[in-house]
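# Observations on chain architecture
Single-letter residue listing:
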Amino acid sequence: MSHTQNPIAPGAIAPLAPAEVSLTQVSKSFGRGTDRVDVLNQINLVAAPGEILAILGPSGCGKSTLLRLVAGLEVPTSGTVLLNDSPVVGVDARCSVVFQEPRLLPWRSVSGNVRLGVRNSQSTNEIQSWLDLVGLGDFSGYLPKQISGGMAQRTALARALIGHPGVLLLDEPFAALDALTRMQMQDLMVKVTAQIGTTVLLVTHDVDEALYLADRIVVLGERGQGIVTTINVDSPRPRDRSDSTFIPLRRELLALFGVHV
Ligand SMILES: Nc1ncnc2c1ncn2[C@@H]1O[C@H](COP(=O)(O)OP(=O)(O)O)[C@@H](O)[C@H]1O
Ligand SMILES: [Mg+2]
C-alpha cells in the first residue's frame, strides 16, 4: 500500500501543532490594599486544539490580561494556566502574540522584521513562504514606512507564525485598520487558519468579526464579573458575512453591550 508521505509542496507551509489552552479558576488582581483591582475572577475556560475562540467584552474587563496570562507575560494571582497539560511558566515559546499595533522595527525590512520571530535556525528559510502566505511575497525588502497599515499587520502576523506557535494570541489585531482593510485581514485569517490549524484566541470588540471567524465566542462581563455568555458558531468557514443564522446571534451579543437591534 502506498502512502503520500509529504502532501505539502516544497516551500509551502506545513500545518502547525495546535495546543489546548486551559484556564482553571484563574484570578488576577493588580495592586495591593486599597489600590487592589480584581480584574479576572475565577475564570474557567478551555480552548480545544485548533479551535478559534473569540473573546468579547467591555473595555477594561481584562481581555488583554487574559491573553497575557496565556502568553506567560503575567502570572495569575491564583489558579492555573496550562498549554497541553503543562503549566505556563514565564514567557512561553508555545504562544505568539499579535497586538493592535504592528510593533515593527522601523529600520528593518519586512523580512527582517519577520526574522525576529524565528525561534530556531531551520525556520530562517521559511520567511519567504510565510510572506507568500500572508500576501507579502513581493514586499520582503520594503521598510515599514513604505507599506500600509494592513501590510504592517500582515508582517506582524508572519512574524508571529514563523515561531510555529501552538497558540496564536490576537489582541484586537485589526481594530486600528479601516473597515475594508479589516475585512481583507479577516479573510486572510480564514485562509491562514485553515492552512495552519493552530489554536487561536482572538480578542475583539467587533461582534461581526467574532461571528465571521470564531468557532466559539466567550463574552466577559464588566471587570471581575467573569464569563457571562458562551456562544457556539457552528457554520463552516469560509462564511457568508450576511448569513441569516448570524442575525439572532448578533442580536444576542449586541444586547449584552446594551445595544438593541
Ligand atoms: N500591569 C497592570 N497594573 C495595574 N493594573 C492593570 C495592569 N494591567 C491591566 N490593569 C488593569 O486591569 C484592567 C483590565 O485591563 P485589560 O486587561 O487591559 O482590559 P481590556 O483588554 O479588556 O480592555 C484595567 O482596569 C487595567 O487598568
Ligand atoms: Mg485590551
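Residues numbered from 1 in each chain as written. Chains lettered and ligands numbered in written order. Predicted model: local features only at pLDDT ≥ 70, side-chain atom pairs only at ≥ 80, totals over all residues.

When helices and strands are counted, the protein chain shows 7 helices and 10 strands. Taken over C-alpha atoms, the radius of gyration comes to 19 Å for the protein chain, in line with the 18 Å a tight globule of 261 residues would show. Over its C-alpha atoms, taken along the principal directions, the protein chain stretches across nearly 55 × 55 × 45 Å. Within the span of the protein chain, comprising 261 residues, buried residues form 36% of the whole. Taking all contacts inside the protein chain whose residues are at least 6 apart in sequence as the whole, residues at least 24 apart take part in 71%. (Helix = DSSP H or I, 4+ residues; strand = E, 2+ residues; numbered from the N terminus. Rg over C-alpha atoms; globule rule 2.2 N^0.38 Å. Buried ≥ 20, exposed ≤ 12 C-beta atoms within 10 Å, placed from the backbone. Contact = placed C-beta atoms within 7 Å.)

Let us look at the domain arrangement of the protein chain. Considered domain by domain, the protein chain is made up of domain 1 (37–94 + 167–261) and domain 2 (105–164). Each of domain 1 and domain 2 has a C-alpha centre, and these two points are 24 Å apart. On the domain 2 side, the residues contacting the 13 residues of domain 1 number 10 residues. No other element matches the 7 residues that helix α5 (residues 179–196) contributes to the side of domain 1 that touches domain 2. Taken together, the residues that form the side of domain 1 that touches domain 2 break down as 10 nonpolar, 3 polar and no charged. (Domains from an automatic or database assignment. Nonpolar A, V, L, I, M, F, W, Y, C, P; charged D, E, K, R; others polar.)

This paragraph deals with the site of ligand 1. The environment of ligand 1 is made up of 13 residues, and the closest members are F30, V39, K63, S64 and T65. Considering every element that reaches the shell around ligand 1, the biggest residue donor is helix α1 (residues 63–71), with 3 residues. Residues belonging to the shell around ligand 1 are distributed by class as follows: 4 nonpolar, 7 polar and 2 charged. (Near = placed C-beta within 6 Å.)

Read across the sheet, 4 strands follow the order β2-β1-β4-β5 without closing on themselves; strand pairing throughout is antiparallel. Each end of this open sheet is capped by a strand with a single partner; those strands are β2 (37–47) and β5 (86–87). In this structure, strand β1 (residues 21–30) lies alongside β2, joined through 7 bridges in antiparallel fashion. Along β2, the bridge assignment pairs V21 with A47. (Pairing = 2+ DSSP bridges.)

Moving on: the nonpolar core. One finds L53, I55, V70, L169, L201 and L202 to be the most contacted residues of the largest nonpolar core, which totals 66 residues. If you tally residues by element for this core, the top one is helix α4 (residues 149–161), at 6 residues. Two domains each donate at least three residues to this core, and these are domain 1 (37–94 + 167–261) and domain 2 (105–164). Among all residues touching L201, those that are not within four sequence positions of it are V21, A47, L53, I55, L67, V70, V167, L169 and L170. (Core = buried A, V, L, I, M, F, W, Y, C linked by C-beta atoms within 7 Å.)

Glancing now at the sheet that holds strand β3 (residues 52–56). Taken together, 6 strands build an open sheet; the order of strands is β6-β7-β8-β3-β9-β10 and the sheet is mixed. Two strands in the sheet have a free side with no partner beyond their single neighbour: β6 (95–98) and β10 (227–232). Strand-to-strand twist of the sheet, defined as the mean angle between neighbouring strand axes without regard to direction, takes the value 15°. By the bridge criterion, 4 bridges tie β3 to strand β9 (residues 216–220) in an arrangement that is parallel. What sits directly across from I55, in β9, is V218. (Axes fitted to C-alpha atoms, helices over the stretch in contact; angles between N-to-C directions.)

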